[in-house]
Amino acid sequence: MFPEIHPSSYLQRMSDGTVKQMNPFTGTEVWTVPGRGHRPLGNHGKSGAPIGAGQHDASCAFCATRLLETPPEKARLVRTGDGWQTLKALPVEQLFETQAEFRRVPNLFEIVSWDYWQKNFGHELTEPLAARKRAYIASEAGRRHVLAVIEARMRLSGVDAAALAAMPVEDKLAAANAFFGGGHELIIGRRHFVEGATHDSELASSGALSSDVHYQYLRFTIDALRDIYLENRYVRYVAVFQNWLAAAGASFDHLHKQLVAIDERGVYNDMEIRLARANPNIYNEVAVNFAGYRNLVFAENDHAIAFAGFGHRFPTLEIYSKGERSQPWNHTAEQLRGISDLVHGCHAAMGSAIPCNEEWHYKPPDADTSMPWRILIKWRISNPAGFEGGTRIYVNTIDPEGLRDKVVPRLYQLRDQEKIAPMRIGRECACVPNCLKYNPAVRREDRDDPEFPPLSANARPDGSA
Ligand SMILES: [Zn+2]
């Protein structure tokens, strides 16, 4: 672990305007030099190419008319007359009967493969998942769908046509276990383009959703997250992230989140767990409290708080849950809504043209220390180059105050237009120290205890009058 960093190094502005930052969790050193990064927010004036007839729902393999290009769907979220309903494990024949607002499907190419779990851990399909597979391929159309997708995957992996033709169907169907029990899933939005779009730059990003729909997106993703832990007991962490646009690593310009199960907690989590054991209040002290003292908090509601992050290689918006519980799936509906509203506000403020990674950070289930759930949105607007490689000092084109000043005016506008949920913005934020309640010591300290009425003015130190 790196030596402890003094808070005076987290964020300092030098006389010439250079801003030096150091990340209190990772030790990453970042500089912002003056005179760079003056790009305004919005769509940068790019209008794009006209969208062809029939392309609105057919532009990529995630689009709504191309449902058979993804592996068998695990669940979908549909609107009903008075709300929302999750439909699980639909047979292929029913895929086009309802309109999915969000779909949960296995990723065609897993980062961590089914083979990995099967060969390294002896993991097998649970009986419900095995039954689901049997039922899906029992129908002729379901079997054709599974074989078509597995063959497409094999072709793309370099298996030649002759080998593919010679392979027994049973082997192909066995390989399809990855589609029923694998640990790499996608949550895919319905729209590729916003409603009424005429040009291909008008993409349906997270910020283009309504705040209600964004909440459903978040909640539906958390359902999948919990399922993955329940279905495979060897999973120690599920990474949740959203890559938006090619520069941020997305294969398609079509809104989706990814969930990837791994059998480790990951290097950063292990480092953070050690820090959190040493100082259980670290996320208040070096993140949210510090951001409050330095006027970097830009949005807040009862359940979440957002600030311009420091010590990141890319300009980063950080949204913290104030909730007592560490895990996303243990949050109440109101708490989830609070977090969703701030995350949605951030995406809406930045617009759909900035490539970004949305990363979820939460306590690995087997960690013995409390950690708050938080979501980081990193703007992938620059590429590290030789200078970074040689020095391990990263140049970030927008410093935290500059980032805050880009976001705040947009949030006010969007709130006035009722395009985002009500929230406190900029100087309206309360920024009460230790507002994150994940730390039991802070909760105990702050509780208003009727057993201990305020001391009267003439009370003596021993409490007697
Ligand atoms: Zn699409």
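None of the values given here were measured: they were computed from a predicted structure.

Conventions and cut-offs
- Residues numbered from 1 in each chain as written.
- Predicted model: local features only at pLDDT ≥ 70, side-chain atom pairs only at ≥ 80, totals over all residues.
- Helix = DSSP H or I, 4+ residues; strand = E, 2+ residues; numbered from the N terminus.
- Buried ≥ 20, exposed ≤ 12 C-beta atoms within 10 Å, placed from the backbone.
- Contact = placed C-beta atoms within 7 Å.
- Domains from an automatic or database assignment.
- Nonpolar A, V, L, I, M, F, W, Y, C, P; charged D, E, K, R; others polar.
- Expected span 1.5 Å × (residues − 1).
- Arc of directions from axis to C-beta.
- Pairing = 2+ DSSP bridges.
- Axes fitted to C-alpha atoms, helices over the stretch in contact; angles between N-to-C directions.
- Core = buried A, V, L, I, M, F, W, Y, C linked by C-beta atoms within 7 Å.

**Description of the overall build of the protein chain**
For the protein chain, the helix and strand inventory stands at 13 helices and 16 strands. Summarising its shape, the C-alpha atoms of the protein chain cover approximately 90 × 55 × 55 Å along the three principal directions. Going through the 465 residues of the protein chain one by one, you find that 38% of them count as buried. The contacts of the protein chain with a sequence gap of at least 6 include a subset with a gap of at least 24, amounting to 72%.

**Section: the domain arrangement of the protein chain**
Under the domain assignment used here, the protein chain contains domain 1 (7-36 + 208-214 + 219-446) and domain 2 (67-204). The gap between the C-alpha centroids of domain 1 and domain 2 is 30 Å. Counting residues at the interface gives 22 residues for domain 1 and 25 residues for domain 2. For the side of domain 1 that touches domain 2, the class distribution of residues is 12 nonpolar, 6 polar and 4 charged.

**A look at the environment of Leu 376**
Inspection of the secondary structure assignment puts Leu 376 in strand S14 (residues 374-379). Judged by local crowding, Leu 376 falls into the partly exposed class, with 19 C-beta atoms found within 10 Å. As a C-alpha pair, Leu 376 and Glu 318 span 58 residues in sequence and 4.6 Å in three-dimensional space.

**Some words on helix H12 (residues 400-416)**
Counted at 1.5 Å a residue, the expected span for H12 with its 17 residues is 24 Å, and the 25 Å between its end C-alpha atoms agrees. Listed as buried for H12 are Pro 400, Leu 403, Arg 404, Lys 406, Val 407, Arg 410 and Leu 411. Taken end-on, H12 shows its buried residues confined to a sector of 165°, consistent with a single buried face. On its buried face, H12 is in contact with strand S1 (11-13), strand S10 (297-300), strand S11 (304-308), strand S12 (316-321), helix H10 (333-350) and strand S16 (424-425). Glu 418 lies just past H12 and shows a positive phi near 55°.

**Notes on the sheet that holds strand S3 (residues 29-32)**
One open sheet holds the 4 strands; their spatial order is S1-S2-S3-S15, and the pairing between them is mixed. Strand pairing shows two members of the sheet lacking a second neighbour, S1 and strand S15 (393-395), which therefore form its edges. When strand polarity is set aside, the average angle formed by the axes of neighbouring strands in this sheet is 20°. Note that S3 and S15 share 3 bridges and pair parallel. If you follow Glu 29 over to S15, its bridge partner there is Ile 393.

**Examining the sheet that holds strand S4 (residues 75-80)**
Strand order in the open sheet made by the 12 strands is S5-S4-S6-S7-S9-S8-S13-S14-S12-S11-S10-S16, with antiparallel pairing throughout. With partners counted over all chains shown, the strands left at the sheet margins are strand S5 (83-88) and S16, one partner each. Examined bridge by bridge, S10 and S11 share 3 bridges and lie antiparallel to one another. Looking across to S11, one finds that Val 297 is bridged to Phe 307.

**Some thoughts on the pairing of S3**
Judged by which residues are buried, S3 turns out to be one-sided: Val 30 and Thr 32 face inward and are buried, whereas Glu 29 and Trp 31, on the alternate face, are not. Relative to S3, strand S2 (residues 19-22) runs antiparallel, the two being bridged by 4 bridges. Looking across to S3, one finds that Lys 20 is bridged to Trp 31. Joining the antiparallel neighbours S2 and S3 is a turn of 6 residues, in which Gly 27 adopts a positive phi near 80°.

**Regarding the nonpolar core**
Ranked by internal contacts, the top residues of the largest apolar core, which has 73 residues, are Val 288, Phe 298, Ala 306, Phe 307, Ile 319, Leu 342 and Cys 346. Both domains that furnish three or more residues to this core are identified here as domain 1 (7-36 + 208-214 + 219-446) and domain 2 (67-204). The residues contacting Val 288, other than those within four sequence positions of it, are Tyr 283, Ile 305, Phe 307, Tyr 320, Cys 435 and Leu 436. Counting 10 residues, the second largest nonpolar core, distinct from the first, contains Trp 117, Ala 176, Ala 178 and Phe 179.

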